[in-house]
Amino acid sequence: MARNFLFPQVEGLLHGGDYNPEQWLDRPDILEKDIKLMKEAGINTVTMGVFSWAVHEPTEGNISFDWLEPIMNRLYDNGIYTILATPTGARPAWLDEKYPSAMRCDDMGVRNHHGVRHNHCMQSPEFRQKVQIIDTALAKKFANHPGLLMWHISNELGGYCYCDTCKKKFQEWLADRYDHDINKLNKAWWTTFWSHTFNSFDQIEPPYANGENCVLGLNLDWKRYNTWSATDFMKFEIMTLRSAGAKEPTTTNYMEWFYDYDYRYMSQFIDVISWDNYPESHNNWQSDADHMLERSFNHALFRSLKPDKPFMMMESAPGVVNWRPYNKYRRPGMHKLISMQAVAAGSDTVQYFQIRKSRGSSEQWHGAVIDHIGTNDTRIFKEVASLGQDLKKISEIAGTMADNKVAILYDWDNRWAIDDAWALAKDTKNYDKTCLEVYKEFMSLGVEPDIVGSNDDWSKYKIICAPMLYVLQDGIGDKIALFVEEGGQFLSTYFTGYVNKDLLSNLGGFPGQGLDKVFGLRSEEIDTLYPEDKVTIKIIDKAGLAPHSINVYDYQEMLRDVSADVLAKYNDDYLAGTPAITRNEFGKGHAYYVACRTNQSDLEFLYREMLDHTGIVYSKLPTGVEKHTRYSDDSAYDFYLNCGDDHATIKKIDGEDIISNAEIHGSLKLDKYEIAIIKH
Ligand code: GLA
């Protein structure tokens, strides 16, 4: 595949992070020292200005970048590029004092006091006016600066505001969505139930904690509206920069498992995907290897949001974070493993929060490349510097691309709707976890999946797994049918196809939109199990390839009208003897249905069968080892990461490890946390 460089002016991968020299303006010696240390650590980029509004504009209208310009120039002279942020993630005191509408209202409609960050009202006209002024000034000053790589819009956009301005915007957004026809909205939200009918759009309020919050359509549309509102704010900032002459690419830093907004919608409007990766390494409930796979899933999601270019790991912690209930330092070697995993999964950057530790306030104990001691001989500095050297060694990775043929379908609407549905068990719905578990199973077979949405392009995939696809977006039934008909392998599970995009139940049997024909079955009941309930299923005709009996957890669905081949049947309880797992031949492909929740590892036989149908090459990896592949025009780069606690041996390797420069033909031995990148 052709390489696609994010920043053609930079040789190789980016290594750097958030840098806040505004905290040290009275210490020029520290700034000088930082540059020296950054170079020593192989750092070639910094992100500046993320929370600098009060320094840029200490009092209203009094804007000056005299502090920033010489620093940016000095960094550039030393080979260090700048990613410049708009400073809108936190507001100066003067702004909130004079324009209280900038402060967000909580879910009871009560206005916040000044303080903290990430809590502005994105629709406040006064706030936007101030944003426009500062962003324009920034762009006029720094656009086209040779050291400027890109614009970082605000910081970790998130949350909802329940003020009157937002209420009005929500009403307008709804009027647009429902063609200004309140009856259309009433129908979609099924408001006749409990006499919830609205007479006009201006009667509708956000789902206040003490107001209307059990109309499910309203709750879902509120989340969709907030996605629109945050995107609208982000677009407003981008447009402001562009109108002031900025041509550099834009990004905004996303967060793991982020719930508030549908990132897929937002991503259409920015140039590059970036995200903040904060693993909880060495935790006390799972192995590091298991935890790393969770990271990997997130990387895959962010990679898949813009599949035609590498993404950026915009932040990660050198050493430790300070905001978790328990803040454990990364053990030696873990830093490199986490950083290389990002690169393996498609990131062209390893960036940190933060380069230098702040001396005071709430993040003074958060990890940094340069600690309070200020020297190059701390353990963390040395690990960062060693990684810096490795990143230079593997600079040919920059611009290479993933090319996966398996995908997990994972939708925000579906996440929200499942959580809000008054069904199943409150504590065990676990949609995210279910998708993650499927991802892990493919990873254990050495096959990395992408993460796609219902409306994405599926044409390159041979296998798609769509666990718990409760909400069927318009046209998705036909899309799945076509995918399978043309030879795709598609897997669904219990709780699939129950409702349409408005959350109205599909009539005429589940799964709706004609999927009953694709799967060759209908589902009639979904039963919730207590943790102590004992239900098993029996696999048919897979002697030696699958476990004879598999435990069922949380949910079992009763199937009917089954014309598909039955691969497993229930053993126990009232469904004993009825189908539990099926496979339907449909056109040139197969549609699999797993009607109950099991450990995914018990379904390995099924995933192997799906892979066998496609010809995708796979091979079981040793426990704890991850494999990711990136491609250039003429080479493939297989990344092997040993995330486990023991050494591991991977067989049938043929190529050159571009980290150690060793030719490997045969077995590859990796120590704990060791990484190899095999070029072939
Ligand atoms: C987030 C923010 C940073 C910093 C880090 C700390 O990712 O974007 O400003 O607060 O968390 O982990």
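The preceding data block contains the structure.
Let me begin by describing the structure that accompanies this report. (Residues numbered from 1 in each chain as written. Predicted model: local features only at pLDDT ≥ 70, side-chain atom pairs only at ≥ 80, totals over all residues. Heavy atoms only, no water.)

## Concerning the overall build of the chain
Line of reasoning, step 1. Within the chain, the regular secondary structure consists of 17 helices and 27 strands.
Line of reasoning, step 2. A globule of 680 residues ought to have a C-alpha radius of gyration of about 26 Å, and the chain, at 26 Å, matches this closely.
Line of reasoning, step 3. When the backbone C-alpha atoms are referred to their principal axes, the chain occupies close to 75 × 75 × 45 Å.
Line of reasoning, step 4. Sorting the 680 residues of the chain into buried and exposed places 61% on the buried side.
Line of reasoning, step 5. In the chain, the share of contacts with a sequence separation of at least 24, taken over all contacts with a separation of at least 6, comes to 73%.
Line of reasoning, step 6. For the chain, the accessible surface area stands at approximately 26800 Å², while carbon and sulfur atoms represent 49% of it.
Line of reasoning, step 7. For the chain, the distance from the average site of its 72 positive side-chain charges to the average site of its 98 negative ones is 2 Å. (Helix = DSSP H or I, 4+ residues; strand = E, 2+ residues; numbered from the N terminus. Rg over C-alpha atoms; globule rule 2.2 N^0.38 Å. Buried < 20%, exposed > 50% of the residue type's maximum accessible area, 1.4 Å probe, protein only. Contact = heavy atoms within 4.5 Å. Areas by Shrake-Rupley, 256 points an atom, 1.4 Å probe, with all protein chains shown as cover. Lys, Arg positive; Asp, Glu negative; His and termini not counted. Charge placed at Lys NZ, Arg CZ, Asp CG, Glu CD.)

## Some remarks on the site of the ligand
Line of reasoning, step 1. Around the ligand, the surrounding shell consists of Phe51, Arg117, Asn155, Glu156, Asn253, Asp276, Tyr278, Glu315, Trp323, Phe353, Glu363 and His366.
Line of reasoning, step 2. One nitrogen or oxygen atom from the side chain of Glu315 is found 2.4 Å from an oxygen atom belonging to the ligand.
Line of reasoning, step 3. In this structure, an oxygen atom belonging to the ligand sits 2.7 Å away from a side-chain N or O atom of His366.
Line of reasoning, step 4. Per-class residue counts for the shell around the ligand are four nonpolar, three polar and five charged. (Near = heavy atom within 4 Å. Polar contact = N/O pair within 3.5 Å; in protein donor to acceptor, adjacent residues only side chain to side chain. Nonpolar A, V, L, I, M, F, W, Y, C, P; charged D, E, K, R; others polar.)

## Describing helix α7 (residues 182-189)
Line of reasoning, step 1. Within α7, the full set of buried residues consists of Ile182, Leu185, Asn186, Ala188 and Trp189. An end-on view of α7 places all buried positions within 165° of arc, on one side of the element. For α7, exposure combined with an orientation more than 90 degrees from the buried face picks out Asn183 and Lys187.
Line of reasoning, step 2. Among the structural elements, α6 (164-177) and α8 (216-243) are those in contact with the buried residues of α7.
Line of reasoning, step 3. At the N-terminal end of α7, a side-chain oxygen is found 2.9 Å from the backbone nitrogen of Asn183, two or three residues along, and the residue is Asp181.
Line of reasoning, step 4. Where α7 terminates, the next one or two residues include Trp190, which has phi positive at roughly 55°. (Arc of directions from axis to C-beta.)

## Things to note about the packing of α6 against α8
Line of reasoning, step 1. Two elements in contact, α6 and α8, have axes separated by 10 Å at closest approach and are oriented at 105°. Between α6 and α8, the angle falls in the class roughly perpendicular. Residues Cys166, Lys169, Phe170, Trp173, Leu174 and Arg177 of α6 pack against Leu218, Asp221, Trp222, Arg224, Tyr225 and Trp228 of α8.
Line of reasoning, step 2. A class-by-class count of the residues in the contact of α6 with α8 yields eight nonpolar, no polar and four charged. (Axes fitted to C-alpha atoms, helices over the stretch in contact; angles between N-to-C directions. Parallel < 35°, antiparallel > 145°, perpendicular 65-115°, else oblique.)

## Things to note about the side chain of Ser281
Line of reasoning, step 1. Secondary-structure assignment places Ser281 in the loop between β7 (274-276) and α10 (288-305).
Line of reasoning, step 2. Apart from residues no more than four positions distant in its own chain, Ser281 is found in contact with Asp288, His291, Lys328, Arg330, Met334 and Ile338.

## Side note on the sheet that holds strand β23 (residues 625-631)
Line of reasoning, step 1. Taken together, five strands build an open sheet; the order of strands is β23-β24-β27-β25-β26 and the sheet is antiparallel. Each having just a single partner strand, β23 and β26 (663-670) make up the two edges of the open sheet. Shown here is a sheet whose adjacent strand axes are inclined to one another by a mean of 30°, direction ignored.
Line of reasoning, step 2. Here strand β25 (residues 648-657) pairs with β26 via seven bridges, running antiparallel. Bridge pairing in β26 links Gly655 to Ile664. (Pairing = 2+ DSSP bridges.)

## A short note on the nonpolar core
Line of reasoning, step 1. Among the nonpolar cores identified, the biggest contains 203 residues, and Trp189, Ile204, Ile394 and Trp458 are the most heavily contacted of them.
Line of reasoning, step 2. In terms of residue count, α8 provides more of this core than any other element does, 10 residues in total.
Line of reasoning, step 3. With residues up to four places along the chain from it excluded, the contact list for Ile394 reads Leu13, Met340, Val343, Ile658, Ile659 and Ile677. (Core = buried A, V, L, I, M, F, W, Y, C linked by side-chain atoms within 4.5 Å.)

## Things to note about the pairing of strand β10 (residues 406-409)
Line of reasoning, step 1. Residues of β10 alternate between two faces, with Val406 and Ile408 on one and Ala407 and Leu409 on the opposite face, all of them buried.
Line of reasoning, step 2. As defined by bridge partners, β10 adjoins strand β11 (residues 449-452) across four bridges and the pair is classed as parallel. By the bridge assignment for β11, Ala407 is matched with Asp450.
Line of reasoning, step 3. Pairing geometry for β10 and strand β12 (residues 463-466), over three bridges, is parallel.

## Focus on the sheet that holds strand β9 (residues 347-353)
The pairing of strands in a sheet happens through backbone hydrogen bonds and is either parallel or antiparallel.
Line of reasoning, step 1. The strand order β5-β4-β3-β2-β1-β9-β8-β7-β6 describes an open sheet built from nine strands, whose pairing is parallel. Looking along the sheet, the strands with just one partner apiece sit at the ends: β5 (250-251) and β6 (253-255).
Line of reasoning, step 2. Note that strand β8 (residues 311-315) and β9 share two bridges and pair parallel. For Phe311, the partnering residue across the bridge sits in β9 and is Ser347.

## A short note on the packing of helix α11 (residues 334-345) against helix α12 (residues 379-393)
Line of reasoning, step 1. Across the interface, α11 lies against α12 with an axial gap of 9 Å and an inter-helix angle of 35°. Note that α11 runs across α12; the crossing there is right-handed. The segment α11 lies against α12, with Met334, His335, Lys336, Ser339, Met340 and Val343 engaging Glu383, Val384, Ser386, Leu387, Asp390 and Leu391.
Line of reasoning, step 2. When grouped by side-chain class, the residues that make up the contact of α11 with α12 number six nonpolar, three polar and three charged. (Left-handed = near helix turned anticlockwise from the far one by under 90°.)

Taken by themselves, the reported measurements are silent on function.
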